[in-house]
Amino acid sequence: MEINGETRLIGILGDPVSHSLSPRMQNAAFDAMGLNITYVPLPVAPAQLEAAVAGLRAMRFIGANVTIPHKVPVSGLLDRLDVSARRAAAVNTIVNDDGVLTGHNTDGAGFIRALTETAVVDFRQAATVIFGAGGAARSVAMALAGAGVPEIALVNRTLAKADELKALIEAEFPAVTVVASVPDAAAARLLSASKIVINATSLGMVGDLKSVPFDVDKLSEGHVVCDLVYTRSTATPLSVAAKKKGATFMGGLQMLLMQGAASTQIWTGKEPPIDVMRKALEP
Ligand code: NAP
């Protein structure tokens, strides 16, 4: 698409953002949709976040994505939060409606869509174990609870954060049984008893099996294993281990694609070209 006087902007606020795959993916989508929209990286230091958000209004951006480290603090700078952002207590998508900024969070919906594209899962029967209790774990746990998962085990190095997330899930979804634990023998049993196994820690970007937050020998063919961590060029250690064990595997790139497509749909109101976006993520 030629940039001209009519071009509208969408950006991604983060620090850093140079590694982000979203500009590739979103610009490919807008091009295929024939929309005069350009998606730009916006490196913003934490101290400048408020000014950057004011800039989105001033420069009439259509909206923005938000990534590390701004997903939580940006919530307090917006006019409204939709239910997904409120439940996740974090925002990854902003919509600018004539100066009124609304925060959404598409991570959870993106995760569910990527998972259902990968495996046939009856969520009402799918006990789940999530390793990690940060922002990504929270979005995914809330989305799974909303999808009807009956039991969620949260395993995190820092127990207080798992306990905090447990309380949030229970407050929002009282019918879901939630257990919080550190990675110990009991957590290993929770893994064996679960259908869905999720790595929502930041472990696994690089390195060997030591950078998987649990013993991969406990995985079996019946498991649906999801790694939120993604790398574009190499397989994550968990993907290698899960496939070796015959488990069904969903990778972080699939979630990235689907959360991005959900954002595209929110900004444009149109069905996003998933295949074009998927191709843009290929190495
Ligand atoms: P975060 O809020 O910083 O949380 C990080 C989590 O990882 C915490 O639970 C932390 O445990 C745990 N952790 C970090 N280092 C660890 C270690 N050495 N050993 C054990 N646990 C460790 O980050 P986040 O936003 O949730 O992101 C987590 C991962 O998900 C990142 O890799 C991110 O890129 C990925 N992600 C992917 C997508 C996607 O679309 N695929 C979307 C969002 C996030 P403590 O609480 O003990 O510190």
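As the structure is a computational prediction, the values presented were derived from the model and not from experiment.

Visitor: Tell me what's going on with the sheet that holds strand E12 (residues 248-250), and back it up with residues and numbers.
Guide: Taken in spatial order, the six strands make up an open sheet running E9-E8-E7-E10-E11-E12, and their pairing is parallel. Each end of this open sheet is capped by a strand with a single partner; those strands are strand E9 (177-181) and E12. Across the sheet, the mean angle from the axis of one strand to that of its neighbour is 15 degrees, orientation sign disregarded. In the sheet, strand E7 (residues 128-131) pairs with strand E10 (residues 196-199) via four bridges, with the strands oriented parallel. From the neighbouring strand, Phe131 faces E10, where its bridge partner is Asn199. Sheet strands in contact with helix H4 (residues 107-118) are E10, strand E11 (224-227) and E12, and its direction is about 145 degrees off that of E12.

Visitor: I'd like to hear about the pairing of E7, residue by residue, with values.
Guide: Looking along a regular strand, one sees the side chains alternate between the two faces of the sheet. Of the two faces of E7, both are covered, the one formed by Thr128 and Ile130 as well as the one formed by Val129 and Phe131. The pairing of E7 with strand E8 (residues 151-155) spans four bridges and is classified as parallel. Residue pairing in the sheet places Val129 in a bridge with Ala153 of E8. For the segment spanning E7, helix H5 (residues 135-147) and E8, crossover handedness is right-handed.

Visitor: Residue-level account of the site of the ligand, with values.
Guide: Around the ligand, 22 residues are found, and the nearest of them are Ala136, Asn156, Arg157, Thr158 and Gly252. Note that an oxygen atom of the ligand is positioned 2.8 Å from one of the backbone N or O atoms of Ala136. The contact in question runs from an oxygen atom of the ligand to an N or O atom on the side chain of Arg157, over 2.8 Å. For the ligand, whose free accessible area comes to 920 Å², the fraction covered by protein is 76%. At the level of secondary structure, the elements contributing two or more residues to the shell around the ligand comprise H5 and helix H9 (252-268). Element by element, the count of residues in the shell around the ligand is highest for H9, at four residues. Formed jointly, the shell around the ligand draws a minimum of three residues from each of two domains, domain 1 (8-105 + 255-280) and domain 2 (108-250).

Visitor: Before we move on, can you summarise the nonpolar core with the specific residues and values?
Guide: Phe111, Leu115, Ile130, Leu144, Ile196 and Ile198 are the most contacted members of the largest nonpolar core, which totals 44 residues. The dominant element in this core, judged by the number of residues it contributes, is H5, at seven residues. Looking at which domains feed residues into this core, each of domain 1 (8-105 + 255-280) and domain 2 (108-250) supplies at least three. Leu115 has contacts with Val121, Phe123, Ile196, Val224, Cys226 and Met250, leaving out every residue within four places of it along the chain. Membership of the second largest hydrophobic core comes to 17 residues, among which are Val129, Val155, Ala187 and Leu238.

Visitor: So, the pattern of salt bridges: which residues are in play, and what are the values?
Guide: Going through the model one piece at a time under the given rule, you end up with 11 salt bridges. Where Lys71 meets Asp107, a salt bridge forms, and the shortest distance between an N and an O atom there is 2.9 Å. Residue Lys71 is located in the loop between strand E3 (63-66) and strand E4 (80-81), and its partner Asp107 is located in helix H4; the two are separated by 36 residues in the primary sequence. For Lys71, a relative accessible area of 24% puts it in the partly exposed group. Arg86 is paired through a salt bridge with Glu172; the nearest N and O atoms lie 3.6 Å apart. Placement of Arg86 in helix H3 (residues 83-88) and of Glu172 in helix H6 (residues 159-172) is noted, with a sequence separation of 86 residues between them.

Visitor: Hey, could you go over the domain arrangement of the protein chain for me, with residue numbers and the actual values?
Guide: Interface size is commonly expressed as the accessible surface area that is lost when the partners come together. According to the domain assignment, the protein chain contains domain 1 (8-105 + 255-280) and domain 2 (108-250). Just the C-alpha atoms count here: the centres of domain 1 and domain 2 sit 26 Å apart. With 14 residues of domain 1 at the interface, the matching set in domain 2 holds 16 residues. Taken together, the two surfaces of domain 1 and domain 2 that pack against each other cover about 1400 Å², and 58% of this comes from carbon and sulfur. Looking at the side of domain 1 facing domain 2, the largest losses of area belong to Arg87, Met255 and Met258, adding up to 47% of the total buried there. Applying the counting rule to domain 1 against domain 2 returns three salt bridges. With a closest N to O distance of 3.2 Å, Glu172 and Arg87 form a salt bridge. Across the contact surface, domain 1 and domain 2 share two residue pairs in polar contact (both at pLDDT 80 or more). If you list the elements that add at least two residues to the side of domain 1 that touches domain 2, you get H3, H9 and helix H10 (274-280). For the side of domain 1 that touches domain 2, the per-class residue count stands at eight nonpolar, two polar and four charged.

Thresholds, definitions, all that
- Residues numbered from 1 in each chain as written.
- Predicted model: local features only at pLDDT ≥ 70, side-chain atom pairs only at ≥ 80, totals over all residues.
- Heavy atoms only, no water.
- Pairing = 2+ DSSP bridges.
- Helix = DSSP H or I, 4+ residues; strand = E, 2+ residues; numbered from the N terminus.
- Axes fitted to C-alpha atoms, helices over the stretch in contact; angles between N-to-C directions.
- Contact = heavy atoms within 4.5 Å.
- Buried < 20%, exposed > 50% of the residue type's maximum accessible area, 1.4 Å probe, protein only.
- Right-handed = clockwise from strand over helix to strand, strands pointing away.
- Near = heavy atom within 4 Å.
- Polar contact = N/O pair within 3.5 Å; in protein donor to acceptor, adjacent residues only side chain to side chain.
- Areas by Shrake-Rupley, 256 points an atom, 1.4 Å probe, with all protein chains shown as cover.
- Domains from an automatic or database assignment.
- Core = buried A, V, L, I, M, F, W, Y, C linked by side-chain atoms within 4.5 Å.
- Salt bridge = Lys/Arg side-chain N within 4 Å of Asp/Glu carboxyl O.
- Buried area = accessible area lost by both parts, 1.4 Å probe.
- Nonpolar A, V, L, I, M, F, W, Y, C, P; charged D, E, K, R; others polar.

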